[in-house]
Amino acid sequence: MDKKFSRSLAVIAMGVVLFTGAAMADNHSTGNAEADLRIAEMKKLGANMGAISKFAKGEVAYSDALVGNAKEIAAIAANMDTLFPEGSGVEESRAKPEIWNAEYKDAFDKDIAEFKAASDKLVVAVEGGDAATIGAALKETGASCGACHKQFRKPKD
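Residues numbered from 1 in each chain as written. Predicted model: local features only at pLDDT ≥ 70, side-chain atom pairs only at ≥ 80, totals over all residues. Heavy atoms only, no water.

What to know about the overall build of the protein chain
Here's step 1: Each helix and strand in the protein chain was counted, giving 5 helices and 0 strands.
Here's step 2: What you see in the protein chain, going N to C, is helices and strands ordered as α-α-α-α-α.
Here's step 3: Here the protein chain, with 157 residues, has 32% of them falling under the buried criterion.
Here's step 4: Sequence separation of 24 or more characterises 75% of the internal contacts of the protein chain that already satisfy a separation of 6 or more. (Helix = DSSP H or I, 4+ residues; strand = E, 2+ residues; numbered from the N terminus. Buried < 20%, exposed > 50% of the residue type's maximum accessible area, 1.4 Å probe, protein only. Contact = heavy atoms within 4.5 Å.)

See below:
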């Protein structure tokens, strides 16, 4: 196995271990199982986006693990509309009440649909392995996340 590739895998593995430890350390319950699931999925989403971002920034070499990261993002996106059931809008989740307001349903559904489409493109881009294509797809996926956060997520305290 190529030394550079081995080091890249070691760096990725170390990052996963460190992130998992940090996530476990900050794994407190909101008292609402549905909100807890949503928060956990959002943390997974962030970790997977971060892994691909490191490649896009040239910090790590391409590896097959990135395909798994992209597929995990797409899987979370595919289930995004199930992560916001009525009654799961606890304060700790940072989800704004507008999510469950009929007046904003179309906008929220549109944001989720755009995220799903962008994440599917990200999978294809990562499978292709071209850094520029991956960077563009990651940017689009991140923008779709940001659009939803702008309207439907409370700022961090």
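Quick notes on the nonpolar core
Here's step 1: Core analysis: the biggest nonpolar cluster contains 31 residues, and Ile52, Met80, Phe84, Leu122 and Val126 have the highest contact counts within it.
Here's step 2: Contributing elements (two or more residues each) for this core: α2 (33-56), α3 (65-78), α4 (105-128) and α5 (131-152).
Here's step 3: The residues touching Ile52, leaving out its near neighbours within four places in the chain, are Leu66, Asn69, Ala70, Ile73, Leu122, Val126, Ile134 and Leu138. (Core = buried A, V, L, I, M, F, W, Y, C linked by side-chain atoms within 4.5 Å.)

Concerning the layout of surface pockets
Here's step 1: When its volume is computed, the second largest pocket comes out at roughly 150 Å³.
Here's step 2: The residue makeup of the lining of the second largest pocket, split by class, is 6 nonpolar, 1 polar and 4 charged. (1 Å grid on protein atoms, 1.4 Å probe; cavity = no way out; pocket = protein on both sides within 12 Å on 5 of 7 lines; lining within 4 Å. Points joined across faces, edges and corners; volume = space filled by probe spheres on them. Nonpolar A, V, L, I, M, F, W, Y, C, P; charged D, E, K, R; others polar.)

Thoughts on the packing of α3 against α4
Working note: a packed helix pair is described by the angle between its axes plus the distance between those axes.
Here's step 1: Where α3 meets α4, the closest approach of the two axes is 9 Å, and the angle between their N-to-C directions is 165°. It follows that α3 is roughly antiparallel to α4 by the angle criterion. Classified by chirality, the crossing of α4 by α3 is left-handed. Of α4, the residues touching α3 (which contributes Leu66, Val67, Ala70, Lys71, Ile73, Ala74, Ala77 and Ala78) are Phe115, Lys116, Ser119, Asp120, Leu122, Val123, Val126 and Glu127.
Here's step 2: Its residues placed into classes, the contact of α3 with α4 shows 11 nonpolar, 1 polar and 4 charged. (Axes fitted to C-alpha atoms, helices over the stretch in contact; angles between N-to-C directions. Parallel < 35°, antiparallel > 145°, perpendicular 65-115°, else oblique. Left-handed = near helix turned anticlockwise from the far one by under 90°.)

Here we look at the pattern of salt bridges
Here's step 1: Scanning the model with the defined rule gives 8 salt bridges in all.
Here's step 2: Ionic pairing is found between Asp81 and Lys116, a salt bridge with its closest N-O pair at 3.7 Å. With Asp81 in the loop between α3 and α4 and Lys116 in helix α4, this residue pair connects regions lying 35 residues apart in the sequence.
Here's step 3: Taking the shortest distance from any N to any O, the salt bridge between Lys110 and Glu114 comes out at 3.1 Å. Of this pair, Lys110 and Glu114 both sit in helix α4, separated by 4 residues, roughly a single helical turn. (Salt bridge = Lys/Arg side-chain N within 4 Å of Asp/Glu carboxyl O.)

Considering unusual backbone geometry
Keep in mind that most residues, glycine aside, have a negative phi and that most peptide bonds are trans.
Here's step 1: In this structure, Arg94 is a non-glycine residue whose phi angle is positive, near 65°.
Here's step 2: Mapping Arg94 onto the fold places it in the loop between α3 and α4.

Some points on the packing of aromatic side chains
Centre-to-centre distance and the angle between the planes together describe a pair of aromatic rings.
Here's step 1: This model, assessed by the stated rule, comprises 4 aromatic pairs.
Here's step 2: Seen from their ring centres, Phe55 and Tyr62 are 5.7 Å apart, and the 75° between their planes marks the pair as edge-to-face.
Here's step 3: The exposure class assigned to Tyr62 is partly exposed, which follows from its relative accessible area of 26%.
Here's step 4: With 5.1 Å between their ring centres and 85° between their planes, Phe84 and Phe108 make a pair best called edge-to-face. Of the two residues, Phe84 sits in the loop between α3 and α4 while Phe108 sits in helix α4, which places them 24 residues apart along the sequence. Phe108 matches Phe84 in its accessibility class, with the two residues each being buried. (Phe/Tyr/Trp six-rings, centres within 6.5 Å; stacked < 30°, edge-to-face > 60°.)

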